[in-house]
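Structural features, examined
Spelled out, the chains give:
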Amino acid sequence: MSQHRHPGAPGRAGAVPALPELPEATVARLPEYLRALHAIAETGHETVSSEGLANAAGVNSAKLRKDLSHLGSYGTRGVGYDVALLIEQIESVLGLTQCRSVALVGVGNLGHALAGYDGFASRGFRIAALLDADPSRVGEEINGLVVRHVDELARVAVEESISIGVIATPAPAAQAVADQLVAVGVTSILNFAPCVLSVPEGVDVRKVDLAIELQILSFHEHRKASLTALPGGLAATDTQEAIGT
């Protein structure tokens, strides 16, 4: 996942006053820890070691301990971390103690799939509005919500207290949609369109480009194939290290 965040962007209004200053890399890993903690809690475990949580989240334990120390959570020697308490701490830092209303703009194939995904609610998000510029889409019902015209965004933002906008439009339309979201006061945007958005200071953008992720995987496939073609194949450890490190 790639991220574009405008330099110097201040925090959103209403942020927790005692919110710690966290490195962006730490913020990016906290949702992984939270997902792992919920899974651990569902198994009935009340505590978890740093090694156990790190394995569940797919990181090394030293990195996990450093990340959690930013939250003031150090665990108990010989016991580990209190699962319920750590869930509460991470949810508080991530602002998940309240349900956030989301407007999804663009209900083509991808947008339609996102609108029908039930997993958002369990993570503290409510898809409150679906919007599209295509008149043939307006009025369509998806997962209990009626698609409205994007021109109604300003009204919808007020009626539903929208705090996050999701863009699932074709790339040529994405910047205009971002401008509309910013104009109605939305300062957090999740962009699925394959383009870079230009936004003012104070607006945070997360970008999800599935094609880029596939291209990165293609590189790894290409690299593995090239290593296999070398004399000795993948067993040629010294050659691999010389090439890859």
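Here is a short report on the structure shown in this document. (Residues numbered from 1 in each chain as written. Predicted model: local features only at pLDDT ≥ 70, side-chain atom pairs only at ≥ 80, totals over all residues. Heavy atoms only, no water.)

1. Brief notes about the packing of aromatic side chains
Scanning the entire structure with this criterion turns up 1 aromatic pair. Ring geometry for Tyr117 and Phe120: centres 4.9 Å apart, planes at 90°, overall edge-to-face. When its relative accessible area of 48% is taken as the criterion, Tyr117 is described as partly exposed. (Phe/Tyr/Trp six-rings, centres within 6.5 Å; stacked < 30°, edge-to-face > 60°. Buried < 20%, exposed > 50% of the residue type's maximum accessible area, 1.4 Å probe, protein only.)

2. Quick look at the side chain of Ser73
Looking at the element boundaries, Ser73 is found in the loop between α3 (61-69) and β3 (81-82). Judged by relative accessible area, which is 9%, Ser73 ranks as buried. Among the polar contacts listed, one links the side chain of Ser73 to the side chain of Gln89, at a separation of 3.3 Å. In this structure Ser73 touches Leu68, Tyr81, Leu86 and Gln89, once residues within four positions along its chain are discounted. (Helix = DSSP H or I, 4+ residues; strand = E, 2+ residues; numbered from the N terminus. Polar contact = N/O pair within 3.5 Å; in protein donor to acceptor, adjacent residues only side chain to side chain. Contact = heavy atoms within 4.5 Å.)

3. Structural notes on the nonpolar core
One finds Leu131, Ile162, Ile167, Leu181, Ile189 and Leu197 to be the most contacted residues of the largest nonpolar core, which totals 23 residues. If you list the elements that add at least two residues to this core, you get β4 (100-105), β5 (125-132), α6 (153-159), β9 (162-167) and α7 (171-183). For this core, the element with the highest residue contribution is α7, accounting for 4 residues. Filtering out sequence-adjacent residues up to four positions away, Ile167 remains in contact with Val105, Ala174, Val177, Ala178, Leu181, Ile189, Leu190, Asn191, Phe192, Ala193 and Leu197. By size, the runner-up hydrophobic cluster in this structure holds 22 residues, among which are Tyr33, Ala54, Val83 and Val93. (Core = buried A, V, L, I, M, F, W, Y, C linked by side-chain atoms within 4.5 Å.)

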